[in-house]
Amino acid sequence: MTRDEGVWVYAVTTAGSFPGGITGIRGVAGEELNTVTEGGFTSVVGTVALDTFGEQALRRNLEDLDWLSETARRHDAVVAAICAGGTTVPMRLATVYYDEDRVRTMLRENAAELTDALEHITGRSEWGIRSYLDRRRADGDDTAEKERKTTGTAYLMERRARAAAQEETQSEAARLADEIFAELGNLAVAAVRQPPSASGLSPRRASEILNASYLVDNARVHEFTAAVESVDTRIDDVDTVITGPWPPYSFTAVGSSPR
């Protein structure tokens, strides 16, 4: 490794029990992968050019949405391939160190967190849940307003009524989201919520009301997916979908040393 190169870290597992092979897997820069071991842990890493993946370059490149999307896709593909083999702590995008000695320092300094994280996710998997409220119900059906084009007092009264109806709908949507989150959480070891995607960013023509991740015992995955199907069927005007299993990013946050 030269001074112009750094180490991109993809994932960490226990030494001597590396869950999946890395032969043939390429990293974010198309690099071959290797491992760094320290204190009972093995990290999967790749050598990358600092003029592209160093701290200053990353600040610039992460603002390029096309670059960010492609790099995230490659990083996630590596992490998913590794996690598919067994219990693994995935590292966040752009975890880069100047050399392998600093990776070893990270493993030593975060040994307790890594141990807890690996114990927490062993025999479990992460699943994503998103719930969508029918856009017509979320926004209100404005057909009548478009047809009447009323003016004056009647128009103002109608606008107020529509605003009140929309507020009521939003309140009901929040209640439904809380209900779904809690019901599915009864079947999970842990659960976290993220802010719903903005309407313009939603992949569906609907308003997203719930964006959550669940850590589920593998022995209960069938029960969990059946509960999702039940929620989707039972609650009118709300589509609830499940994705996964995903690398357990939401339940394995691990700190790091200066790079």
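Refer to the structure above for everything that follows.
Only a predicted model underlies this, so the values are computations on that prediction, with no experimental measurement involved.

Asker: Before we move on, can you summarise helix α9 (residues 221-234) with the specific residues and values?
Answerer: Here α9 is 14 residues long and its end C-alpha atoms lie 20 Å apart, about the 20 Å a rise of 1.5 Å per residue gives. When we look at burial in α9, the residues that qualify are V221, F224, A227, V228 and V231. Along the long axis of α9, the arc covered by the buried residues comes to 120°, so they all point the same way. For α9, the exposed residues set more than 90 degrees away from the buried face come down to H222, E229 and T233.

Asker: So what's going on with the side chain of T71? Residues and values would help.
Answerer: Topologically, T71 is positioned in helix α3 (residues 65-83). With residues up to four places along the chain from it excluded, the contact list for T71 reads W8, V28, F53 and L93.

Asker: Hey, could you go over the pattern of salt bridges for me, with residue numbers and the actual values?
Answerer: This model, assessed by the stated rule, comprises 16 salt bridges. The partner of R193 in a salt bridge is D178, with the nearest N and O atoms 2.8 Å apart. With a gap of 15 residues between them, R193 in strand β7 (residues 190-194) and D178 in helix α8 (residues 152-185) connect regions that are remote in the sequence. With its nearest N and O atoms 3.0 Å apart, the salt bridge here joins E223 to R220.

Asker: Go over helix α5 (residues 111-121), please, and point to the residues and values.
Answerer: Residues of α5 that are buried: L114, A117, L118 and I121. Looking down the long axis of α5, one finds its buried residues gathered within 95° of arc, a one-sided arrangement. Those residues of α5 that are exposed and aimed more than 90 degrees away from the buried face are A112 and E119. The positive-phi residue at the C-terminal boundary of α5 is G123, with phi of around 75°.

Asker: A description of the packing of aromatic side chains should follow, citing residues and the corresponding values.
Answerer: Applying the stated criterion to the full structure yields five aromatic pairs. With a centroid separation of 5.8 Å and an interplanar angle of 45°, the aromatic rings of F181 and Y214 are classed as tilted. Here F181 is found in helix α8, whereas its partner Y214 is found in strand β8 (residues 206-217), with 33 residues between them in sequence. As far as burial versus exposure is concerned, F181 and Y214 are alike and both buried. Between the aromatic rings of Y214 and F224, the centroid separation amounts to 5.3 Å while the plane-to-plane angle is 55°, which identifies the pairing as tilted. Highlighted residues: Y214 in strand β8 and F224 in helix α9, separated in sequence by ten residues.

Asker: I'd like to hear about the nonpolar core, residue by residue, with values.
Answerer: Residues L184, I209, L210, Y214 and F224 are the most contacted members of the largest nonpolar core, which totals 23 residues. When residues of this core are traced back to their parent elements, those giving at least two are β6 (124-134), α8, β8 and α9. By residue number, the principal contributor to this core is α8, which donates six residues. Setting aside its immediate chain neighbours within four residues, I209 contacts S131, L133, A173, L176, A177, R193, P196 and V238. Judged by nonpolar contacts, the second largest core, of 20 residues, contains A11, L50, W67 and V78.

Asker: How would you explain the environment of A111 if you had to name every residue and give the values?
Answerer: Within the secondary structure, A111 is located in helix α5. Spatially, the C-alpha atoms of A111 and V254 are 9.6 Å apart, while their sequence positions differ by 143 residues.

Asker: Any chance you could break down the pairing of β6 for me, citing the residues and the numbers?
Answerer: Of all eleven residues in β6, eight are buried, a share of seventy percent or more. Across seven bridges, β6 lies against strand β9 (residues 238-246) in antiparallel orientation. Directly across from L133, in β9, lies its bridge partner V238.

Asker: Lay out the side chain of N211 in plain terms, naming residues and giving numbers.
Answerer: By the secondary structure assignment, N211 is in strand β8. Excluding its chain neighbours within four sequence positions, the residues that come into contact with N211 are I129, R130, V192, R193, Q194, P195 and P196.

Asker: How would you sum up the pairing of strand β2 (residues 33-38)? Please name residues and give values.
Answerer: Pairing between β2 and strand β3 (residues 41-49): six bridges, direction antiparallel. Directly across from L33, in β3, lies its bridge partner G46. Following β2, the chain reverses through two residues before pairing antiparallel with β3; G39 in that reversal takes a positive phi of roughly 55°.

The rules behind these values
- Residues numbered from 1 in each chain as written.
- Predicted model: local features only at pLDDT ≥ 70, side-chain atom pairs only at ≥ 80, totals over all residues.
- Heavy atoms only, no water.
- Helix = DSSP H or I, 4+ residues; strand = E, 2+ residues; numbered from the N terminus.
- Expected span 1.5 Å × (residues − 1).
- Buried < 20%, exposed > 50% of the residue type's maximum accessible area, 1.4 Å probe, protein only.
- Arc of directions from axis to C-beta.
- Contact = heavy atoms within 4.5 Å.
- Salt bridge = Lys/Arg side-chain N within 4 Å of Asp/Glu carboxyl O.
- Phe/Tyr/Trp six-rings, centres within 6.5 Å; stacked < 30°, edge-to-face > 60°.
- Core = buried A, V, L, I, M, F, W, Y, C linked by side-chain atoms within 4.5 Å.
- Pairing = 2+ DSSP bridges.

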